[in-house]
There are 2 protein chains.
Amino acid sequence: MKIGLLGCGNVGSAFVKILIDNGDSIKERIGENLEISKILVRDLNRERDPWINTELLTTEAESIVGDPEIDIVVEVMGDLNPSKSLIEASLRRGKSVVTANKALLAEHYFEIEELAEQVGRDVFFEAAVAGGIPLIRSLRVSLVGERLSRVTGIVNGTTNFILTRMHEESLAFEEALAMAQRLGYAEADPRADLEGYDAAAKAAILSSIAFGMKVRFQDVLCEGISNLTAKDVEFASRHGFVIKLIAECARVQYENSQRLSVRVFPALLPATHPLSSVRDAFNAIFVEGEAVGELMFYGRGAGGLPTASAVMGDVIDAAQNLHYGSTERRLRRREVKVVPLDALESNFYVAIEVADKPGVLAKVATVFGECGVSIASMEQIGLGEEARLVFLTHSAKERSMVLTLDALAQLDSVRKIHRYLRVIDG
Amino acid sequence: MKIGLLGCGNVGSAFVKILIDNGDSIKERIGENLEISKILVRDLNRERDPWINTELLTTEAESIVGDPEIDIVVEVMGDLNPSKSLIEASLRRGKSVVTANKALLAEHYFEIEELAEQVGRDVFFEAAVAGGIPLIRSLRVSLVGERLSRVTGIVNGTTNFILTRMHEESLAFEEALAMAQRLGYAEADPRADLEGYDAAAKAAILSSIAFGMKVRFQDVLCEGISNLTAKDVEFASRHGFVIKLIAECARVQYENSQRLSVRVFPALLPATHPLSSVRDAFNAIFVEGEAVGELMFYGRGAGGLPTASAVMGDVIDAAQNLHYGSTERRLRRREVKVVPLDALESNFYVAIEVADKPGVLAKVATVFGECGVSIASMEQIGLGEEARLVFLTHSAKERSMVLTLDALAQLDSVRKIHRYLRVIDG
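By the naming in an unreviewed UniProt entry, chain A is Homoserine dehydrogenase, taken from Ferrithrix thermotolerans DSM 19514. We quote the UniProt Cofactor (unreviewed entry) comment for chain A here in full: "a metal cation". According to UniProt, the comment filed for chain A under the heading Sequence similarities (unreviewed entry) is "Belongs to the homoserine dehydrogenase family."

Here we come to the sheet that holds strand β2 (residues 35–40) of chain A. Residues and elements named next belong to chain A. Strand order in the open sheet formed by 6 strands is β3-β2-β1-β4-β5-β6, and the pairing between neighbours is parallel. The open sheet terminates on both sides in strands that have one partner only, identified here as β3 (57–58) and β6 (123–124). Along the sheet, helix α3 (residues 83–92) makes contact with β1 (2–6), β2, β4 (72–75), β5 (96–99) and β6, crossing β5 at roughly 155 degrees.

Evaluated as defined, the whole model comprises 15 aromatic pairs over all chains. Considering the side-chain rings of Phe282 of chain A and Tyr298 of chain A, the 5.0 Å spacing of their centres and the 5 degrees angle between planes classify their relative orientation as stacked. Taken together, the residues span a long stretch of sequence, with Phe282 of chain A in strand β12 (residues 282–289) and Tyr298 of chain A in strand β13 (residues 293–300) at a distance of 16 residues. Taken individually, Phe282 of chain A and Tyr298 of chain A each receive the classification buried, so the pair is uniform in this respect. Three or more aromatic residues joined by ring pairs make a cluster, and in this case those are Tyr109, Phe110 and Phe125 of chain A. For Lys17 of chain B, the ring lying beneath its charged end belongs to Trp51 of chain B, and the centroid distance is 5.5 Å. One residue, Arg422 of chain B, lies across the ring of Phe265 of chain B, its end atom 5.0 Å from the ring centre.

Residues and elements named next belong to chain B. One open sheet accounts for 6 strands, arranged β3-β2-β1-β4-β5-β6; its pairing is parallel. Bordering the open sheet on either side are β3 (57–58) and β6 (123–124), each of which pairs with just one other strand. Where strand β4 (residues 72–75) meets strand β5 (residues 96–99), 4 bridges bridge the pair, whose relative direction is parallel. Each residue of the ladder has a partner; that of Glu75, found in β5, is Thr99. Helix α11 (residues 304–324) contacts β1 (2–6), β4, β5 and β6 of the sheet and is inclined by roughly 160 degrees relative to β4.

Looking now at the relation of the copies chain B and chain A. Least-squares fitting of chain B to chain A yields an RMSD of 0.0 Å, with the superposition described by an axial translation of 0.0 Å and a rotation of 180 degrees. Such values leave the two copies arranged in the relation of a two-fold axis. Scanning chain B for the C-alpha nearest the rotation axis identifies Phe297 of chain B, at a separation of 2.4 Å. Both copies share a contact surface, since 100% of the interface residues of chain B are interface residues in chain A too.

Turning to the pairing of strand β15 (residues 345–354) of chain B, a few remarks are in order. Residue and element names in this part refer to chain B. Summarising burial for β15: 7 of the 10 residues are buried, a large majority. As defined by bridge partners, β15 adjoins strand β18 (residues 396–397) across 2 bridges and the pair is classed as antiparallel. By the bridge assignment for β18, Glu345 is matched with Lys397. Judged from the 8 bridges that link them, β15 and strand β19 (residues 414–423) form a sheet pairing that is antiparallel. By the bridge assignment for β19, Val354 is matched with Val414. Both β15 and strand β17 (residues 388–393) contribute to a ladder of 5 bridges, which runs antiparallel. Counterpart to Tyr349 in the pairing with β17 is Leu392.

Here we come to the side chain of Asp317 of chain A. Tracing the backbone through its elements, the reader meets Asp317 of chain A in helix α11 (residues 304–324). When its relative accessible area of 7% is taken as the criterion, Asp317 of chain A is described as buried. Aside from chain neighbours lying at most four places away, what touches Asp317 of chain A is Phe124 and Arg137 of chain A together with Val141 and Arg329 of chain B.

Residues and elements named next belong to chain A. Under the UniProt annotation, the feature "binding site: NADPH" (unreviewed entry) is placed at Lys102. Among the structural elements, Lys102 can be located in helix α4 (residues 102–119). Taking relative accessible area as the criterion, Lys102 reaches 26% and is therefore assigned partly exposed. Every residue in contact with Lys102, bar those within four places of it in the chain, is listed here: Ala128, Asp198, Ala201, Lys202 and Ile205.

This part takes up the side chain of Glu288 of chain B. All names here are of chain B. Relative to the elements of secondary structure, Glu288 occurs in strand β12 (residues 282–289). The exposure class of Glu288 is buried, given its relative accessible area of 17%. Excluding anything up to four places from it in sequence, Glu288 contacts Leu148, Ser149, Arg150, Thr152, Gly293 and Glu294.

Residue and element names in this part refer to chain A. The full count for this structure, using the stated rule, is 70 salt bridges over all chains. Residue Asp280 pairs with Arg165 through a salt bridge whose shortest N-O separation is 2.7 Å. You can see Asp280 sitting in the loop between β11 (257–270) and β12 and its partner Arg165 sitting in helix α6 (residues 157–169), a full 115 residues away along the chain. A single salt-bridge network, built from bridges that share partners, covers Arg150, Glu223, Glu248, Arg263, Glu288, Glu398 and Arg422.

Below, the discussion takes up the interface of chain B and chain A. Taken together, the 52 residues of chain B in the interface contact 52 residues of chain A. Taken together, the links from chain B to chain A amount to 2 salt bridges. For Glu28 of chain B, the salt bridge goes to Arg334 of chain A, with nearest N and O atoms at 2.8 Å. The interface formed by chain B and chain A holds 13 residue pairs in polar contact (both at pLDDT 80 or more) in total.

All right, on to a nonpolar patch on the surface then. All names here are of chain B. On the surface, Leu361, Ile375 and Met378 cluster together into a nonpolar patch covering about 210 Å² of accessible area. Mapped onto the elements of the fold, Met378 is located in strand β16 (residues 375–381). For Met378, a relative accessible area of 34% gives the class partly exposed.

Right, let's get into the packing of helix α4 (residues 102–119) of chain B against helix α9 (residues 197–211) of chain B. Residue and element names in this part refer to chain B. Two elements in contact, α4 and α9, have axes separated by 8 Å at closest approach and are oriented at 40 degrees. Here α4 lies oblique to α9, going by the angle between them. When the axes of α4 and α9 are compared, the crossing they make is left-handed. Of the residues in α9, those in contact with Lys102, Leu105, Ala106, Tyr109 and Phe110 of α4 are Asp198, Ala201, Lys202, Ala204, Ile205, Ser208 and Ile209. Looking at side-chain class alone, the contact of α4 with α9 contains 8 nonpolar, 1 polar and 3 charged residues.

Parameters at a glance
- Residues numbered from 1 in each chain as written.
- Chains lettered and ligands numbered in written order.
- Predicted model: local features only at pLDDT ≥ 70, side-chain atom pairs only at ≥ 80, totals over all residues.
- Heavy atoms only, no water.
- UniProt positions renumbered as here; feature names shortened; annotations may be inferred.
- Pairing = 2+ DSSP bridges.
- Helix = DSSP H or I, 4+ residues; strand = E, 2+ residues; numbered from the N terminus.
- Contact = heavy atoms within 4.5 Å.
- Axes fitted to C-alpha atoms, helices over the stretch in contact; angles between N-to-C directions.
- Phe/Tyr/Trp six-rings, centres within 6.5 Å; stacked < 30°, edge-to-face > 60°.
- Buried < 20%, exposed > 50% of the residue type's maximum accessible area, 1.4 Å probe, protein only.
- Lys NZ or Arg CZ within 6 Å of the ring centre and 35° of its normal.
- Least-squares fit on C-alpha atoms with pLDDT ≥ 70 in both.
- Salt bridge = Lys/Arg side-chain N within 4 Å of Asp/Glu carboxyl O.
- Polar contact = N/O pair within 3.5 Å; in protein donor to acceptor, adjacent residues only side chain to side chain.
- Patch = residues over 30% accessible without salt bridge, like charges linked within 9 Å, V, L, I, M, F, W, Y side chains within 5 Å.
- Areas by Shrake-Rupley, 256 points an atom, 1.4 Å probe, with all protein chains shown as cover.
- Parallel < 35°, antiparallel > 145°, perpendicular 65-115°, else oblique.
- Left-handed = near helix turned anticlockwise from the far one by under 90°.
- Nonpolar A, V, L, I, M, F, W, Y, C, P; charged D, E, K, R; others polar.

So this is what it looks like as structure tokens:
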């Protein structure tokens, strides 16, 4: 089997390395020889890892996509263009495709899947969500008969690293971010990670597979972590919670029909929740199903080798399908119906800055009550100019929470609505 | 697709329930209707769950195995006989088979696999190891290109429940066992769980799949937990360890060749190890690979519904293979070469009972040193008649450890070699 590799960055180079190291044992186990015949790069003169055979490098995509000898195309370039057109061209010429491109899949998965079905070839993308963790295939095959109720994941290593440092070393957000950048866990421009867009792309793919619906990037509600403070983290810790950036897909009953909620947001998790112990750049996905109960998948969600390992699993699967003349079976999918955010319910954490004088709490509590939000616990942090009231509420609708905050903002004694966060139950 | 069900106990009945609840959505997703046409039982008159259609029940195995209309046979009876002959007869008549029978697979997997290959049908068994956790397919497909170094699992819920209670409530072994029996986590005759035989059967299957070798039940070295005491658990806790019954399969370098070590034993795990937080009847499998790094799979390892969920995943996979005229690809396997126990190395925990008088420790320590075992820490617990010395060693060969214990037994001042346990590093 001949493989054409599109891209030779971190993941592409690691993929070559794995094939050099394990090619013989793979051949022994599956009875098939895998060989990289060409590698598309932007710059022929850039320095490469020593195991890269530079004779395979080309800057001409057509020499890979148009090569009838190549059976499988592996796309690890990232970005939408020209990845999308190269993947489509490869499929049209009868090649199976393995991609790690989450941004592309979150926008165009369904067209690409349809094309693959038409031409009778595979598109695999285990590496696009949670790196080396074998999640996509588990959801597509093993759990396809399961009625899942909720999938909750930590799918962004950068933000999880930052939040872990804030919790364990009491760092401020900016300090933890700087540390992440220094250690290579965050990019120079970290916005895609911090604002939750990276996690949102993964949430779209994940929920499409888990719930059999067509969920796209724009269907995902998305909040990032960039305005979290050390005080939020400290309060959460003291009350037995850990703050994590969560990608959550859940079935929700809404006006007599089943809908899907797909969201990325920073949440307070009880320290006893299995996701709470997922530290630093690790990823984990917690799956709840009616029959199977609770499952968790844990591992490295990024990095060249773990991601390339997932690519390799897909390449072997595609190679075997080509060998046996079969393809991955298509799963039928419904158009998604997303539930409106304001109908969702949860417990909330609310932090507001107030004037430190008698009677303020009574006024504030009255507003919560009038808006139908019941307070579970309250604490004043700081004094005078620094005075801050922090609340944990019982379960309430997002709509009621927004109404509460709007009404609180009208009070003279409230200086600033600092923030609200959702709380996930154990 | 017509399914013949062999057995209607806990798992069989749960399987019927899942198909009743989810049959429509499964049909919608995979485009295939699954229908149970007959159910083999021992006793037609026994009371059944209300969702069981008693008209499907039969006591005649031949009416299922010999029915040309039946496409897939699901075996959930357990025991070796008549399961083995029914599975073989089903395959010979062109049916695919799904089984949850770990005892059978640990003895006869390779013959059954070979037969399935000859007749071009599937044998799937996701439910045989770690219940509802999608582990087997992940190892067979997603991770087949990965060079795994070690697989470490908590695969027996009964012993994990008992150990959790001993740790968290300081119960004696007998008290924790009685609690497990009262709550239905342990059987009236709990020996297969306590002595590690159940875990050993799973370790054989797991290591066969993970390492591509033919590992059978008798290749697995096996120690149980029945002589663990509250004192062992208390010492472990105090030093930052948790005692777990571990099924471990690892690649080991031995006399210039790669061998496999497959063992079940109670071990001290650092509290920071991901397996340490696996509580009660949950299962988890920790996988270490060269490229993928560390992975963990966590979920319910037993119980009717989780196990039946795994069976359902397999049935759907088999149904789609039949529909598309393909089968699961065989993986080639080598005969296993197991490394001799005494060549393996680890840190050890050693507890001995001694006469409480001056000079004893010096004598004991001398023996350790002469046998080449280096002591990392020592503690005396209790006084007088109760005096006990507890050691943690640095890494040593099992051979040296056994020599040490033999030599210690010769000392007058040593009353009893209480036990030794292995310590797994973080």
